[in-house]
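# Per-entry structural report
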Amino acid sequence: MAQLYFRYSTMNAGKSTEVLKIAHNYEEQNKHVLLFTPAIDNRYGVGKITSRMGFQRDATIINDETDLYGMAHQSNPDCIIIDEGQFLSRKQVIELTRIVDELNIPVIVYGLKNDYRNHLFTGSEALILFADKIEEVKTVCWYCKKKATMLIKFKDGHPVNEGPQIEIGGNDKYVSVCRKCYKGHVQVK
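Summarised in this report is the structure supplied together with it. (Residues numbered from 1 in each chain as written. Predicted model: local features only at pLDDT ≥ 70, side-chain atom pairs only at ≥ 80, totals over all residues. Heavy atoms only, no water.)

## A short note on helix α2 (residues 68-75)
Three or more residues of α2 are buried, namely Leu68, Tyr69 and Ala72. All buried residues of α2 lie within an arc of 95° about the axis, which places them on one face of the element. Along its buried surface, α2 packs onto β2 (33-38), β5 (60-62), β6 (79-82) and α3 (90-103). Immediately beyond the C-terminal end of α2, within one or two residues, lies Asn76, with a positive phi of roughly 45°. (Buried < 20%, exposed > 50% of the residue type's maximum accessible area, 1.4 Å probe, protein only. Helix = DSSP H or I, 4+ residues; strand = E, 2+ residues; numbered from the N terminus. Arc of directions from axis to C-beta. Contact = heavy atoms within 4.5 Å.)

This is how it looks when you write it as structure tokens:
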């Protein structure tokens, strides 16, 4: 029985590397995989899934008009894998549940759970509510040896906790930290 998986973490935990590895493993067995990434993530080019280790693959872009169910029904893949799932809409997550429930195709979504203000992303909230399995991908705090669970955003070299929820960036803007280090650097509201 197919399931909807949400695998979340902070940045630098290897989520995109896992996406590429899982796709490779399916394809090594001559199985068909659909790879998706939201159009908003343009750090390495639109429609690219790129790990910080340098691996990259093309993926189908998800935007507001993308018919995920229709694409899955037409191509009948063995698995659907989505990177940067925090940028999905609630409607898109519900569409993923239809793919799992009606087409019996497993869907694996990787993404951030919370933003730098420590609020859930829309896609992450919906995935937490609708996923069959929720799994944490662990990484280590930038400043200490504890597990990282939060993000600090930097602007002009200083930590900030106000501004737009979505501002695409990498290590130049965000670091993954534990709760204690987050509270030590950012005024918690």
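## Focus on the pairing of β6
Alternating residues of β6 divide into Cys79 and Ile81 and Ile80 and Ile82, and every residue in both groups is buried. Where β2 meets β6, four bridges bridge the pair, whose relative direction is parallel. Bridge pairing links Val33 to Cys79 in β6. Relative to strand β7 (residues 107-112), β6 runs parallel, the two sharing three bridges. Residue pairing across strands places Ile82 opposite Val109, the latter belonging to β7. In this fold, the crossover linking β6 to β7 by way of α3 has right-handed handedness. (Pairing = 2+ DSSP bridges. Right-handed = clockwise from strand over helix to strand, strands pointing away.)

## Digging into the side chain of Gln86
Its place among the elements puts Gln86 in the loop between β6 and α3. Exposure remark for Gln86: the relative accessible area of 3% places this residue in the buried category. Residues in contact with Gln86, not counting those within four places in the same chain, are Gly111, Leu112, Phe121, Thr122, Gly123 and Ser124.

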